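# Residue-level structural notes
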Amino acid sequence: MSAAAPPSDYRLLVPRDWFRIDLTHERWRHQLKTFVDRESADSHVPAEATRSIWATLRNTAENGVAHGALEFYLKTESPGDAAMPASLLVSLAHTPRGLTPPPEEFARAMAQRSGRQNTEFDVVVLPAGEAVRAVTETNLDFHVHMPGDMGYLLLAFSTPMSSTTSPMGDLCDAIAHSLRWV
C-alpha cells in the first residue's frame, strides 16, 4: 500500500493543435460536433464519411463517459482526408483505498483477461509513477498508478492512420511522460 497522499488533480501537456473536449460537462457533444464540422468544412470529405466519423467518435466518448472518462483529445493526422483522427481519452478508475493492485499484478491480470491479439503488456516508470503499458499496432494505453493507492489514471491513445512506432506514437509516449500529479 502506498503511503503517499492522493493527488487532487493531474497535469498533462498536450500540444495546442490537439482539440480538447471536456467530458465532465454536458456540452461535450457540441464540442465534438464542432471538431467534426471544422475538420470536414475545408475538405472534400463525403457527408457519409463525416457522419461515420461523428458516430464513431460520439460512441467512443459516450463509452468513455460511462467508464469515468474526463477528457478527449483529437488530432487530425491527414488534413482533408476522411480518416479517424488520432486521439487521447483520459479516464479515472478509482478503487477503494488499499484494494488497488500493484502495477506488476495489474499487468499480469490484464494480460490474462485480454482478448486482444498482438498486445504487449509491461510495467514502465513515468515521472508520475509506475504505469502498466499496453501496446498494439495502433493503440497505446498507460494505466498510471495513482499516489495514495486510489486507483489508476488511464491515458488511452489511438493512432489509426499511423502506428505506435511512428512519430505520432513517439508524441503519444511523450504526452504520457508529461503527466504530473497536483
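For the structure given in this document, a descriptive report is provided here.

Thresholds, definitions, all that
Residues numbered from 1 in each chain as written. Predicted model: local features only at pLDDT ≥ 70, side-chain atom pairs only at ≥ 80, totals over all residues. Heavy atoms only, no water. Helix = DSSP H or I, 4+ residues; strand = E, 2+ residues; numbered from the N terminus. Buried < 20%, exposed > 50% of the residue type's maximum accessible area, 1.4 Å probe, protein only. Contact = heavy atoms within 4.5 Å. Areas by Shrake-Rupley, 256 points an atom, 1.4 Å probe, with all protein chains shown as cover. Salt bridge = Lys/Arg side-chain N within 4 Å of Asp/Glu carboxyl O. Polar contact = N/O pair within 3.5 Å; in protein donor to acceptor, adjacent residues only side chain to side chain. Phe/Tyr/Trp six-rings, centres within 6.5 Å; stacked < 30°, edge-to-face > 60°. Lys NZ or Arg CZ within 6 Å of the ring centre and 35° of its normal. Pairing = 2+ DSSP bridges.

### Considerations on the overall build of the protein chain
- If you tally the helices and strands in the protein chain, you get 4 helices and 9 strands.
- Listing every helix and strand of the protein chain by position from the N terminus yields β-β-α-α-β-β-α-β-β-β-β-α-β.
- Counting only C-alpha atoms and orienting by the principal axes, one finds that the protein chain spans roughly 55 × 35 × 25 Å.
- The burial tally for the protein chain puts 44% of its 182 residues in the buried class.
- A separation threshold of at least 6 residues defines the contact pool for the protein chain, and within that pool the share at least 24 residues apart is 61%.
- Looking at the protein chain as shown, the accessible area adds up to about 9800 Å², and 52% of this sits on carbon and sulfur atoms.

### Quick word on the pattern of salt bridges
- Using the criterion set out here, one finds 8 salt bridges in the structure.
- When the shortest N-O distance is used, the salt bridge between Glu39 and Arg38 registers 3.0 Å.
- A salt bridge links Glu62 to Arg58; the shortest N-O distance between them is 3.9 Å. Taken together, the positions of Glu62 and Arg58, both in helix α2 (residues 47-66) and 4 residues apart, correspond to about one turn of that helix.

### Digging into the environment of Trp181
- By the element assignment, Trp181 lies in strand β9 (residues 180-181).
- Other than its neighbours up to four places away in sequence, Trp181 contacts Pro7, Asp9, Tyr10, Ala128, Val144, His145, Met146, Pro147 and Leu153.
- In terms of polar contacts, Trp181 uses its side chain to reach the backbone carbonyl oxygen of Ala128, at 2.8 Å.

### What about the packing of aromatic side chains?
- Scanning the entire structure with this criterion turns up 3 aromatic pairs.
- The interplanar angle of 45° and the centroid separation of 5.4 Å between the aromatic rings of Phe19 and Phe35 together place this pair among those described as tilted. Of this pair, Phe19 sits in strand β2 (residues 19-22) while Phe35 is found in helix α1 (residues 28-41), placing the two residues 16 residues apart along the sequence. One exposure class covers both Phe19 and Phe35, and it is buried.
- Both rings, one in Phe142 and one in Phe157, keep their centres 6.4 Å apart while their planes meet at 90°; by these two values the pair is edge-to-face. Residue Phe142 is located in strand β7 (residues 139-145), and its partner Phe157 is located in strand β8 (residues 151-158); the two are separated by 15 residues in the primary sequence. The residues Phe142 and Phe157 share a single accessibility class, namely buried.
- Note that Lys33 overlies the ring of Trp54, its terminal NZ or CZ placed 5.8 Å from the centroid.

### Brief notes about the pairing of strand β6 (residues 129-135)
- As judged from the 7 bridges shared by strand β5 (residues 120-126) and β6, these two strands associate in the antiparallel manner. Considered in β6, the bridge of Val125 is made with Glu130.
- The antiparallel pairing of β5 with β6 creates a hairpin that spans 2 residues between the two strands.
- Examined bridge by bridge, β6 and β7 share 5 bridges and lie antiparallel to one another. When the sheet's bridge partners are listed, Val132 is paired in β7 with His143.

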